[in-house]
Amino acid sequence: MARHPAAGAVLLPLCLLLLLLLNGCASIPYDYPRPVSSALYRPEGTSLGKKIQARAINHPGASGFHLLPTGLDAFTARAILIDRAEKTLDLQYYIFHDDLMGRFVYDRLLAAADRGVRVRLLLDDWHQTPETDWLLATMAIHPNIEVRLFNPFGTHRRTFLARALRMAFGPGRLRGRLHNKAFIADNSVAIVGGAQYRG
């Protein structure tokens, strides 16, 4: 029985699509070691902690806050806190781009780690790129820096089709994205909300 000439033209793309889908179903290995990491135990032993304690002593049991009305105010506050941190810096963000702002923060965090500050960075994996992968990899090899990516999809980022299918058939995963924005210095001062590190 002779095969129709158009059958080969349709069969090849279908086979390639099937291979792509099977590759996309591969999950990320979860059996690699993940060291336990905890917050700074005694933040009052740092300069930032002492300043906060001095202000808080007149307001027992209360929290304090200060509004940062503009993006420039918030960015300046973060830059100052990075330079003044003595023990820990904890950052949790949705996007970290390889651009002017991202590079500035990257340089300041490396400088802080070089002077002995433990830096922990938690990012959503969805918007990372090969460029930011390189930045994060160079940070992660520093002994004082911990980088972790939050990936609710259970697949590698390069398998876009598999992610699209998981989003279509599991919308709860989309709601499970890491949209939090938090910047904590010496477990004493926190900046929450605001813009991403994008210039």
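Residues numbered from 1 in each chain as written. Predicted model: local features only at pLDDT ≥ 70, side-chain atom pairs only at ≥ 80, totals over all residues. Heavy atoms only, no water.

1. Examining the overall build of the chain
Rules: A helix here means a DSSP run of H or I that spans at least four residues, while a strand means a run of E at least two residues long, and both kinds are numbered starting from the N terminus. Three labels apply to residues, based on accessible area from a 1.4 Å probe with only protein chains included: buried if under 20% of the type maximum, exposed if over 50%, partly exposed otherwise in between. Every residue pair with non-hydrogen atoms within 4.5 Å of one another is taken to be in contact. Computed with the Shrake-Rupley method and a 1.4 Å probe, the accessible areas treat only the protein chains shown as cover for residues.
Helices and strands together make up the secondary structure of the chain, namely seven helices and five strands. When the helices and strands of the chain are placed in sequence order, the string is α-α-α-β-α-β-α-β-α-α-β-β. For the chain, with 199 residues in total, the buried portion stands at 32%. Counting only contacts in the chain whose residues sit at least 6 apart along the sequence, the fraction spanning at least 24 positions is 79%. Carbon together with sulfur atoms contributes 63% to the accessible area of the chain, which is approximately 12800 Å² in total.

2. Some words on the sheet that holds strand β1 (residues 88-93)
So the rule is basically this: Each pair of strands is called paired provided DSSP finds at least two bridges between the two strands. For every element, the axis is a line fit to its C-alpha atoms; helices are fit only across the contacting stretch, and the angle between N-to-C directions ranges from 0 to 180 degrees.
Spatially, the five strands line up as an open sheet ordered β3-β2-β1-β4-β5, and their pairing is mixed. Single-partner strands in this sheet number two, and they are β3 (145-150) and β5 (189-192). Averaged over all adjacent pairs, the angle separating strand axes in this sheet is 10°, with direction ignored. Here β1 runs beside strand β4 (residues 182-185); their pairing, made up of four bridges, is antiparallel. Across the sheet, Leu91 pairs through a bridge with Phe183, a residue of β4.

3. Here we look at the packing of helix α4 (residues 100-114) against helix α5 (residues 130-140)
Put simply, the rule reads: Angle categories are assigned with fixed cut-offs, so that under 35 degrees is roughly parallel, over 145 is roughly antiparallel, 65 to 115 is roughly perpendicular, and the rest are oblique. Nonpolar residues are Ala, Val, Leu, Ile, Met, Phe, Trp, Tyr, Cys and Pro. Charged residues are Asp, Glu, Lys and Arg, and all others, Gly as well, are polar.
At a minimum axis distance of 11 Å, the contact between α4 and α5 shows a crossing angle of 5°. Judged by the angle between their axes, α4 and α5 are roughly parallel. Together, Arg103, Tyr106 and Leu109 of α4 and Trp134, Leu135, Thr138 and Met139 of α5 make up the contact between the two elements. Classifying every residue of the contact of α4 with α5 by side-chain character gives five nonpolar, one polar and one charged.

4. Here's the deal with the nonpolar core
Condition: To define a nonpolar core, start from buried Ala, Val, Leu, Ile, Met, Phe, Trp, Tyr and Cys residues and group those joined through side-chain atoms within 4.5 Å.
Residues Leu89, Leu91, Leu109, Val119, Met139 and Phe183 are the most contacted members of the largest nonpolar core, which totals 27 residues. For this core, the elements supplying multiple residues, two or more each, are α3 (71-84), β1, α4, β2 (118-124), α5 and β4. No other element matches α4, which puts six residues into this core. Once you skip the residues sitting within four places of it in the chain, Val119 turns out to touch Leu89, Leu109, Ala113, Asn144, Ile145 and Glu146.

5. Side note on the packing of aromatic side chains
Any pair of aromatic rings gets described here by the distance separating the centres and the angle formed by the planes. To keep it simple, the criterion reads: Aromatic pairing here means that ring centres of Phe, Tyr or Trp (its six-membered ring) are within 6.5 Å. Orientation follows from the plane angle: under 30 degrees is stacked, over 60 is edge-to-face, and everything else is tilted. Note on criteria: charge over ring means Lys NZ or Arg CZ within 6 Å of the ring centre, with the direction from the centre no more than 35 degrees off the ring normal.
In total, this model carries one aromatic pair according to the counting rule given. Ring geometry for Phe75 versus Phe104: centroids 5.3 Å apart, planes at 50°, classification tilted. One end of the pair, Phe75, is in helix α3; the other, Phe104, is in helix α4, with 29 residues separating them in the sequence. Here the guanidinium or amino end of Arg103 rests over the ring plane of Tyr106, the centre of that ring lying 5.9 Å away.

6. Quick look at the environment of Arg42
Within the secondary structure, Arg42 is located in the loop between α1 (5-24) and α2 (47-56). For the pair Arg42 and Asn187, spaced 145 residues apart in the sequence, the C-alpha separation amounts to 8.4 Å.

7. Observations concerning the pattern of salt bridges
Basically, it comes down to this: The term salt bridge refers to a side-chain nitrogen of Lys or Arg lying within 4 Å of a carboxyl oxygen of Asp or Glu.
The full count for this structure, using the stated rule, is three salt bridges. Close ionic contact of Arg108 with Asp83 constitutes a salt bridge, the shortest N to O distance being 2.9 Å. One end of the pair, Arg108, is in helix α4; the other, Asp83, is in helix α3, and 25 residues separate them in sequence. Look at Asp83 and you get partly exposed, because its relative accessible area is 37%. The closest approach of N and O atoms between Asp90 and Arg120, which form a salt bridge, is 2.6 Å. Placement of the pair is Asp90 in strand β1 and Arg120 in strand β2, with a sequence separation of 30 residues. Each of Asp90, Arg118 and Arg120 takes part in one network of salt bridges that share partners.

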